[in-house]
Amino acid sequence: MVIILQPATFDSNLYVNPKCKPSPVLIPVIDLTDSDAKTQIVKACEEFGFFKVINHGVRPDLLTQLEQEAINFFALPHSLKDKASLPDPFGYGTKRIGPNGDVGWLEYILLNANLCLESHKTTAVFRHTPAIFREAVEEYIKEMKRMSSKVLEMVEEELKIEPKEKLSHLVKVKESDSCLRMNHYPEKEETPVKEEIGFGEHTDPQLISLLRSNDSEGLQICVKDGTWVDVTPDHSSFFLLVGDTLQVMTNGRFKSVKHRVVTSTKRSRISMIYFAGPPLSEKIAPLSCLVPKQDDCLYNEFTWSQYKLSAYKTKLGDYRLGLFEKRPPFSLSSV
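Analysis parameters
Residues numbered from 1 in each chain as written. Predicted model: local features only at pLDDT ≥ 70, side-chain atom pairs only at ≥ 80, totals over all residues. Heavy atoms only, no water. Salt bridge = Lys/Arg side-chain N within 4 Å of Asp/Glu carboxyl O. Helix = DSSP H or I, 4+ residues; strand = E, 2+ residues; numbered from the N terminus. Buried < 20%, exposed > 50% of the residue type's maximum accessible area, 1.4 Å probe, protein only. Core = buried A, V, L, I, M, F, W, Y, C linked by side-chain atoms within 4.5 Å. Contact = heavy atoms within 4.5 Å. Pairing = 2+ DSSP bridges. Axes fitted to C-alpha atoms, helices over the stretch in contact; angles between N-to-C directions. Parallel < 35°, antiparallel > 145°, perpendicular 65-115°, else oblique. Left-handed = near helix turned anticlockwise from the far one by under 90°. Nonpolar A, V, L, I, M, F, W, Y, C, P; charged D, E, K, R; others polar.

Asks: Before we go on, may I ask you to explain the pattern of salt bridges in this structure?
Replies: Should the charged atoms of two oppositely charged side chains come close, the side chains can pair. All told, the structure shown has 16 salt bridges when counted by the stated rule. In this structure, Glu 138 engages Arg 134 in a salt bridge whose closest nitrogen and oxygen atoms are separated by 3.0 Å. Residue Glu 138 and its partner Arg 134 are located together in helix H5 (residues 131-159), separated by four residues, close to a single helical turn. Given the relative accessible area of 31%, Glu 138 is considered partly exposed. Residue Lys 172 pairs with Glu 165 through a salt bridge whose shortest N-O separation is 3.3 Å.

So this is what it looks like as structure tokens:
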């Protein structure tokens, strides 16, 4: 199944990439209970790095409950929310995205998926919310770990990756460096003349990201020809995005998708993104079963900790993988 997305339009070159050109785009919709799902997933990862998932097995009441609890938190007075602010990197934040000058029209909560490793700021988030909020977060994280590992298992099976669970194991283990982010894009008193950036264009550094939002528009992805297209929201489904780490491990066969959020309506947007990452000490490199010849590898080996630190030092829209790409050997004949 596919859905047709219409190209995004902007009123100013300040916001639109001049290379973008309008064209309808077909985005895969994958039923996880379909016997052919693994083939569809691999194809979607190769062509878009992005797809919609239905029949995912997550209870609708859990999605509704966590969304409502997030709304309740963001509705608290700033004096209370600020007690969990200045993320370290976890906790509550507003407008500022990272340490390098990127800003957006949003506020957010960032939580470590391993709640046993809570930071002071994470504890402050739960201190100002009812117990049901933490309970919903814990159950949601379990469901996201289940879904991310299931999708990666399907990738392993379709690509015949050896050893088995090479990818899925990375997000299953206790040491997995995953996190949950809840973004709130507040409603505006007046509809802006131009679409404004809520969260600037970027790729996600982890293996895969699982995104779910309310029915407010705003998410856009950039496809191969440079076109930015609007993603029609669906509160009952998930959207999965290939991250930089999975692009490296498949030696560029899967592409980490560039995406952003724009704000243009009075209606607020709530989104929840689970970033499924490997352990900090995990060595990341093209899988030998996919790239038998070392000379064909496009990337140098690095640990997830090294890449995470490198990404933290860059601006949101920077091409982070460039530092880890292999360079062709220097030759005098090419000078």
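Let's pick the thread back up.
Asks: Where do I start with the nonpolar core in this structure?
Replies: A general feature of soluble globular proteins is that nonpolar side chains tend to end up buried together. With 65 residues, the main nonpolar core has Ile 41, Phe 51, Val 137, Tyr 140, Met 182, Phe 238 and Leu 240 as its most contacted residues. Per-element accounting of this core gives the leading share, 12 residues, to H5. Setting aside anything within four residues of it in sequence, one finds Phe 238 in contact with Phe 51, Lys 52, Val 53, His 56, Val 58, Leu 63, Tyr 140, Met 144, Met 147, Leu 211 and Arg 212. One finds Leu 106, Leu 211, Val 261 and Leu 316 within the second-largest nonpolar core, a separate group that totals 24 residues.

Asks: What is the right way to read the sheet that holds strand S12 (residues 259-263) from this model?
Replies: Read across the sheet, four strands follow the order S7-S12-S9-S10 without closing on themselves; strand pairing throughout is antiparallel. Since the sheet does not close on itself, it has two edges, and those belong to strand S7 (196-202) and strand S10 (228-230), each with one partner. Put simply, the sheet's adjacent strands are angled 25 degrees from each other on average, direction ignored. Relative to S10, strand S9 (residues 219-222) is paired through three bridges, and the arrangement is antiparallel. Across the sheet, residue Cys 222 finds its bridge partner in S10, namely Trp 228.

Asks: When you look at the packing of helix H2 (residues 60-74) against H5 in this model, what are you seeing that I'm missing?
Replies: Describing two packed helices takes the angle between their axes plus the distance from one axis to the other. Across the interface, H2 lies against H5 with an axial gap of 9 Å and an inter-helix angle of 130 degrees. Between H2 and H5, the angle is such that the two are oblique. H2 and H5 meet at a crossing whose hand is left-handed. In this structure, H2 uses Leu 62, Leu 63, Gln 65, Leu 66, Glu 69 and Ala 70 to contact H5, whose residues at the interface are Ile 132, Phe 133, Ala 136, Val 137, Glu 139, Tyr 140 and Glu 143. Looking at the contact of H2 with H5 residue by residue, the class counts come to nine nonpolar, one polar and three charged.

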